[in-house]
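# Examination of the molecular architecture
Read off the chains here:
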Amino acid sequence: MFHHVKSLQFNARVSRPDPRFANLLLEQFGGENGELAAAMQYFTQAFGAKVPHPDKYDMLMDIATEEFSHLEIVGATIQMLLKGVNGELKDAADQSEIMQVMEGKAAKESIIHAALSANPQFPIITGGGPTPRNSQGVPWCASYIHSNGDLTVDLRSNLASESRAKLVYEHLMKFTDDPYIHETLSFLMTREVTHYKMFEAALDSIQPNFPPGVLAADPRFLQNVYNLSDGTVRGPWNEGEIKGMGKEFIYVENPLQQVQETEGQTKLPDNFSKELKASENLNKKMSEVKSAEVKNAEPEGVAQWSIYSKTTTKA
């Protein structure tokens, strides 16, 4: 159950209208790395986490709800940046406050032109307000959402999402000199860092969490790294120990020769029989563990999502 509090989480302010920056800020309203995408991603991920990981369900719902509050901050900022660009423009332009903000009729016409050139949808379609579209007018799309039903995979997606969102806020801060907007963007950018660390801690609390999913990696193909470009540089990504796996990378200098000699890796010099047997046993064990996580947490009989307290909480 959601309850809307009309006060923003951060007191968003702007010094003056700026339709061009309002258009850029739409990236964080209806863009693929924006607040709406983040809110919906964590909101949908939470459903699959409810039974096996109720604590992570709580975290995902909390962060999703905060992302909706950030969406409100971004939307409110866009609305303020479009001050004067709405259906009441002609009447409002004669009022002293608007005249002071826009510095007279010439500035009023300039702000209208700026809105049209920044995004024609502002004065024509949206009436001077934000809609779930990005800065190029592309409507928000559910394909922005990454929800795979495996919590360790979802949490890794979230780490990437928070990283991209932080970067977008960094870039946005370069395109405005409004100190109030800088404060707002700095707050939103910092919350991305907080969420990143929360997701990171949640992932670390799930053990084992690698490899993603249930099945173990096939030992016949795990260690090979291939020289597929001229002048390949050697580093910890293609030599030495595979971090956390107790195995070494095997650098294949001539992949074409290797493929030909092994008939497409179907006839390897080592049959890996011992490793394959261990992998098969691990697959069975992990299948039982992952299945039991859900089955053991599901109550028998009628399914019920919420448990309601008989006591009444007074506000």
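Here the structure is a predicted model, which is why all the values come from computation and not from measurement.

Detailed reading of the predicted coordinates is not advisable wherever pLDDT is low. Scored by pLDDT, the protein chain comes out at a mean of 86, with 84% of its residues at no less than 70. Taken element by element, the predicted model of the protein chain shows its lowest mean pLDDT in helix α5 (residues 89-92) (46) and its highest in helix α10 (residues 179-204) (97). Every residue in residues 87-93 is under pLDDT 50, and counting partners more than four places away or in other chains gives 10 contacts. A low-confidence stretch, residues 96-100 stays under pLDDT 50, and its non-local contacts, those more than four residues away or across chains, total 8 contacts.

The next point concerns the packing of helix α4 (residues 54-81) against α10. One can describe the packing of α4 onto α10 by two numbers: an axis separation of 12 Å at closest approach and a directional angle of 165°. Compared by their axis directions, α4 and α10 come out roughly antiparallel. Crossing hand, α4 versus α10: left-handed. For the pair α4 and α10, the contacting residues are K56, M59, L60, I63, E66, E67, H70, I73, V74, T77 and L81 in the first and I181, T184, F187, L188, R191, E192, H195, M198, F199 and A202 in the second. Its residues placed into classes, the contact of α4 with α10 shows 12 nonpolar, 4 polar and 5 charged.

Summed over the entire model, instances satisfying the criterion amount to 2 cavities of 30 Å³ or more. Considered as a void within the structure, the largest cavity measures approximately 90 Å³ in volume. In terms of lining, the largest cavity is formed by 15 residues, of which the most central are E32, N33, G34, A38 and S161. Among the elements of the structure, α3 (35-49) and α9 (151-173) are those that each provide at least two residues to the lining of the largest cavity. When its residues are assigned to classes, the lining of the largest cavity shows 5 nonpolar, 5 polar and 5 charged.

How each quantity is defined
- Residues numbered from 1 in each chain as written.
- Predicted model: local features only at pLDDT ≥ 70, side-chain atom pairs only at ≥ 80, totals over all residues.
- Heavy atoms only, no water.
- pLDDT = per-residue confidence, 0-100.
- Helix = DSSP H or I, 4+ residues; strand = E, 2+ residues; numbered from the N terminus.
- Contact = heavy atoms within 4.5 Å.
- Axes fitted to C-alpha atoms, helices over the stretch in contact; angles between N-to-C directions.
- Parallel < 35°, antiparallel > 145°, perpendicular 65-115°, else oblique.
- Left-handed = near helix turned anticlockwise from the far one by under 90°.
- Nonpolar A, V, L, I, M, F, W, Y, C, P; charged D, E, K, R; others polar.
- 1 Å grid on protein atoms, 1.4 Å probe; cavity = no way out; pocket = protein on both sides within 12 Å on 5 of 7 lines; lining within 4 Å.
- Points joined across faces, edges and corners; volume = space filled by probe spheres on them.

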